[in-house]
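Fold and geometry: a report
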Amino acid sequence: MTANSANISASVFRLSPLIRITLLSLYIALTVPLPFLSQVTAAPVPPKFLWIGISIGFVALYAVLTERVTVDDQGIQVTYPAWVPSFFRKGWFLPWSEVKELKPRTTGQGGIVYYFVSQDGKAYLLPMRVVGFARFVQIVQAKTGIDTTDVRPLAQPWMYLILLGLTLLLLLVDGWAIATALTTRQLT
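Residues numbered from 1 in each chain as written. Predicted model: local features only at pLDDT ≥ 70, side-chain atom pairs only at ≥ 80, totals over all residues. Heavy atoms only, no water.

**Quick notes on the pattern of salt bridges**
Rules: Any carboxyl oxygen of Asp or Glu that lies within 4 Å of a side-chain nitrogen of Lys or Arg is treated as forming a salt bridge with it. In this text, helices come from DSSP runs of H or I with a minimum length of four residues, and strands from runs of E with a minimum of two, each type numbered from the N-terminal end. Only protein chains enter the accessibility calculation, which uses a 1.4 Å probe. A residue is then buried if its area is under 20% of the maximum for its type, exposed if over 50%, and partly exposed in between.
Taken as a whole, this structure holds one salt bridge when the rule is applied. Note that Asp-73 and Lys-143 form a salt bridge whose closest N and O atoms lie 2.9 Å from each other. Highlighted residues: Asp-73 in the loop between β2 (68-71) and β3 (75-79) and Lys-143 in helix α4 (residues 133-144), separated in sequence by 70 residues. For Lys-143, a relative accessible area of 3% translates into the label buried.

This is the structure in C-alpha cells:
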C-alpha cells in the first residue's frame, strides 16, 4: 500500500489494561506502607503528609495512564482526558503528510523505542503500549508508506504479567508490614 491509500475511520487505541493495572498496583505496593512505617518509627514526616503525597502521586500516575491514541485519515493524535491539565501531559497531533520517517532509538535499558520525525525535524514518540499495537502499526504503514515490519512493542505482555505477579507478592509483604506496624503502635 502507498501512503494515504487506506481509508480508515478514526481508530482509538488506549493503554493496555494489563500495563495500567500493573503500574498502579506497583505504585500502591511501594507507597502505602510508608505512612504506617512513618508513624511507628516516629519519622520526621507526619503520616498525614505522606497520605497527601501518595494520593497526589496516584492521581498523577493515573493521569499519565489515560493516554489515548487516535488515528484517522488526517493523522495521528495523542490526547488525554479533559481533567488532565495540559501543563502536566500535553498531547500532540501529526498529520500523515508531515511524517518524514520513523527513527529507532535505544533506551537506557537496552530496548528500542521509535520516534516519528516530522518534515520540520520535530520528534514524536510512537506510542508502544497500546492495545492493538499490531493493527496500529499497520495503519501507520498504510498511511505513511514507512515499513513497520520490524517495529515491535517495547515490552511484551509476559513481562508485565511477571511484574504483576511480583507486585502481588509485594502487596502480601506490605500487608504483613502494615499489620506489624499497627500491632506495634497498639502495644506502645
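There's plenty left to go through after this.
**Quick word on the nonpolar core**
Worth spelling out the cut-off: In this description, a nonpolar core means a group of buried Ala, Val, Leu, Ile, Met, Phe, Trp, Tyr and Cys residues linked to one another through side-chain atoms lying within 4.5 Å. What makes two residues a contact is simply this: any of their non-hydrogen atoms within 4.5 Å.
Membership of the largest hydrophobic core comes to 27 residues, with the highest contact counts inside it found for Ile-76, Phe-116, Leu-126, Phe-133 and Phe-136. For this core, the leading source of residues is α4, giving five residues. Other than its neighbours up to four places away in sequence, Phe-133 contacts Leu-126, Pro-127, Met-128, Val-151, Arg-152 and Pro-153. Among the nonpolar cores identified, the runner-up in size contains six residues, and Leu-15, Ile-19, Leu-24 and Leu-65 belong to it.

**Description of a nonpolar patch on the surface**
Stated precisely, the cut-off is as follows: Residues forming no salt bridge and having over 30% relative accessible area are the ones grouped into patches, like charges within 9 Å of each other and nonpolar side chains (Val, Leu, Ile, Met, Phe, Trp, Tyr) within 5 Å. Using a 1.4 Å probe, the Shrake-Rupley method yields the accessible areas, and only the shown protein chains count as cover for residues.
On the surface, Trp-158, Met-159, Ile-162, Leu-166, Leu-169 and Leu-172 cluster together to form a nonpolar patch covering roughly 650 Å² of accessible area. If you trace the backbone, Ile-162 turns up in helix α5 (residues 157-187). The class for Ile-162 is partly exposed, based on a relative accessible area of 48%.

**A word on the UniProt feature "transmembrane region" (unreviewed entry) in the protein**
What counts, and what does not: UniProt positions are given in the numbering used here, feature names are shortened, and annotations may be inferred rather than shown by experiment.
In the numbering adopted here, UniProt assigns the feature "transmembrane region" (unreviewed entry) to residues 18-37, 49-65 and 158-182. Taken as a whole, residues 18-37 contains 95% helix and 0% strand, while its terminal C-alpha atoms sit 29 Å from one another. Secondary structure across residues 158-182 comprises 100% helix and 0% strand; the distance between its end C-alpha atoms is 36 Å.

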